[in-house]
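Understanding the architecture of this molecule
If you want the building blocks of each chain, they are given just below.
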Amino acid sequence: MGSENTPPPGPAIRLAGLRRDYGDRAALDGVGLELAAGESLVVLGPNGAGKTTLLRILATLLRPSGGEAVVLGCSLPREAWKLRGRIGYLGHEPLLYRDLSGRENLRFQARLHGIRGERAEARIAELLAAVGMERRADERIVELSAGMRQRLSICRCVLHEPELLLLDEPDSNLDAAGREVARGLIGPDTGRTRVVVTHDPERFLPEADQVLRLGIGEIAAVS
Amino acid sequence: MTPSRHAFAAILAKDLRSELRTLQSLPAMALFAVTTFVIFRFGLDRTSLSGSLAAGVLWATLLFAAVLGINRLFVAEREEGGFDAIRLAPIDRSALFAAKATALLVYLLALELVTVPIFAFFFLDSAAALPPLFAVLLLANLGLAATGTLISSMAVNSRARDLLVPLVLLPLVVPLMIAATGATDPLLAVGGPGYERFGTWLGVLGLYDLIFALVGYAVFDFLLED
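These remarks concern the structure in this document. (Residues numbered from 1 in each chain as written. Chains lettered and ligands numbered in written order. Predicted model: local features only at pLDDT ≥ 70, side-chain atom pairs only at ≥ 80, totals over all residues.)

This next bit is on the overall build of chain A. Helix and strand counts for chain A stand at seven helices and ten strands. Relative to the compact-globule value of 17 Å for 223 residues, chain A shows a C-alpha radius of gyration of 17 Å, a close match. A total of 223 residues make up chain A; the buried ones form 48% of that total. Sequence-distant contacts, at least 24 apart, represent 72% of the contacts inside chain A between residues at least 6 apart. (Helix = DSSP H or I, 4+ residues; strand = E, 2+ residues; numbered from the N terminus. Rg over C-alpha atoms; globule rule 2.2 N^0.38 Å. Buried ≥ 20, exposed ≤ 12 C-beta atoms within 10 Å, placed from the backbone. Contact = placed C-beta atoms within 7 Å.)

What follows covers the overall build of chain B. A count of helices and strands for chain B gives ten helices and zero strands. In terms of overall dimensions, chain B is globule-like: its C-alpha atoms have a radius of gyration of 18 Å, near the 17 Å expected for 226 residues. Projected onto its principal axes, the C-alpha positions of chain B cover 55 × 35 × 30 Å. Taking all 226 residues of chain B together, 47% fall into the buried category. Restricting the contact set of chain B to residue pairs at least 6 apart, pairs at least 24 apart contribute 85%.

This brings us to the sheet that holds strand E2 (residues 25-35) of chain A. Residues and elements named next belong to chain A. Strand order across the open sheet formed by four strands is E2-E1-E4-E5, with antiparallel pairing between neighbours. For this open sheet the edge positions go to E2 and strand E5 (74-76), each flanked by a neighbour on one side alone. Between one strand axis and the next, the sheet turns by 25° as a mean value, whatever way the strands run. As judged from the five bridges shared by strand E1 (residues 13-22) and strand E4 (residues 66-71), these two strands associate in the antiparallel manner. Note that in E4 the partner of Ala 16 across the bridge is Glu 68. Packed on one face of the sheet, helix H1 (residues 51-58) meets E1, E2, E4 and E5 and runs near 60° to E2. (Pairing = 2+ DSSP bridges. Axes fitted to C-alpha atoms, helices over the stretch in contact; angles between N-to-C directions.)

To continue, consider the packing of helix H7 (residues 130-155) of chain B against helix H9 (residues 174-187) of chain B. Residue and element names in this part refer to chain B. Look at H7 against H9: their axes get within 10 Å of each other, and the N-to-C directions meet at 175°. By the angle class used here, H7 and H9 are roughly antiparallel. Packed against H7, whose contacting residues are Pro 132, Leu 133, Val 136, Ala 140, Gly 143 and Leu 144, the element H9 presents Leu 176, Ala 180, Ala 183, Thr 184 and Leu 187 at the interface. Partitioned by chemical class, the residues of the contact of H7 with H9 number nine nonpolar, two polar and no charged. (Parallel < 35°, antiparallel > 145°, perpendicular 65-115°, else oblique. Nonpolar A, V, L, I, M, F, W, Y, C, P; charged D, E, K, R; others polar.)

Residues Val43(A), Leu58(A), Leu166(A), Met29(B) and Leu205(B) are the most contacted members of the largest nonpolar core, which totals 143 residues. At 13 residues, the largest contribution of residues to this core is made by helix H6 (residues 94-123) of chain B. When neighbours within four sequence positions are excluded, Val43(A) is seen to be in contact with Lys51(A), Leu54(A), Val195(A), Val196(A), Val197(A), Leu212(A) and Leu214(A). (Core = buried A, V, L, I, M, F, W, Y, C linked by C-beta atoms within 7 Å.)

These figures come from the coordinates and say nothing about function on their own.
Printed below as a string of structure tokens:
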């Protein structure tokens with residue numbers, strides 16, 4: 001699991017001149033920053049500014065078109081394979097199979113991350129209890145509300161105890177109790193390095209060590 | 001890195017569990033095949049078929065039934081984020097290819113378990129050809145599974161998926177179908193199974209399987225990149 005890895009020397013994330021093009025259009029251009037281990041970066045910007053693109057590049061799901069991206073000591077995209085399994089990614093989609101139950105989905109994820117047997121069952125039970133989903137864990141995902149799916153998605157995100165959390169609108173679909181639950185697993189007190197994409201600066205700015213503002217057709221600004 | 005055999009087992013078990021629960025592919029494949037046999041039965045107005053005609057009816061039907069399953073092979077990965085979840089895990093992505101090809105192989109075997117006896121009931125005078133036919137079915141299924149998995153993974157990101165799979169797959173499986181019908185033809189000959197060039201055709205099927213399994217294993221990782 002991620003927590004068993006030795007923390008890399010230097011910053012957890014270092015970006016320099018990062019660019020990503022979709023055809024002729026630059027979705028990201030000239031993004032640069034350094035984020036130390038354990039710090040939180042909040043990414044702000046209007047729709048289409050490239051926030052999700054940035055997160056997907058950091059998650060190794062997209063290749064950068066140019067510039068430098070070093071995440072947990074791994075240079076992307078060349079060393080992406082070393083990074084997988086050390087990242088917890090919470091995207092717009094819950095990444096859960098609709099026809100499997102929450103518990104079956106988490107078991108599947110655990111096996112992909114090399115967590116098996118009693119260790120997996122104990123970890124899954126612990127997370128389901130943490131998000132208050134023990135009673136609904138054996139229902140198929142398609143039968144659950146969006147908020148419940150988000151709770152399970154948070155479990156999936158932290159199941160393998162990742163070093164780096166990449167969170168895209170982590171509070172979406174969550175009620176006040178759900179947000180409190182989420183805070184315990186993916187909040188700043190977990191001590192993990194976090195990148196949070198949000199449209200809700202009031203909620204997340206107090207947690208930020210750094211803020212990245214992305215604009216459409218503008219140079220990214222870090223503060 | 002998670003051992004590939006664990007990742008393979010996890011993905012295969014997930015796919016088979018989903019199919020057993022939802023029955024999205026197998027019933028459609030079986031219904032298509034049975035309906036096609038009925039159409040041939042009355043369209044050809046023959047109570048018995050033999051040789052190349054019988055082999056042609058069997059393989060054309062199985063191939064088009066297989067296309068239905070191939071079309072849906074990666075739909076859950078595409079629509080429910082499975083591709084991302086698998087790409088985020090520390091696994092060799094070839095495990096996904098192997099697991100999907102094995103799942104498709106299981107679907108094809110299940111399809112044939114139901115439809116080949118129906119074919120025999122409609123068109124064959126005796127069931128003597130069925131035991132050796134199993135070897136042909138198995139080798140042709142392996143080739144269809146390897147090629148189908150490869151094409152399905154490429155087509156799934158396209159909105160024209162249902163059109164793209166047959167357009168790309170069918171030309172690629174022409175050699176496989178020639179070998180499968182070539183091996184099946186003498187087995188279904190009038191007067192009982194014969195084995196003329198049977199071994200040669202099985203060799204061709206095996207070679208096809210090997211080539212496409214290796215191609216799939218080699219290129220699948222690149223197909224999953226953005």
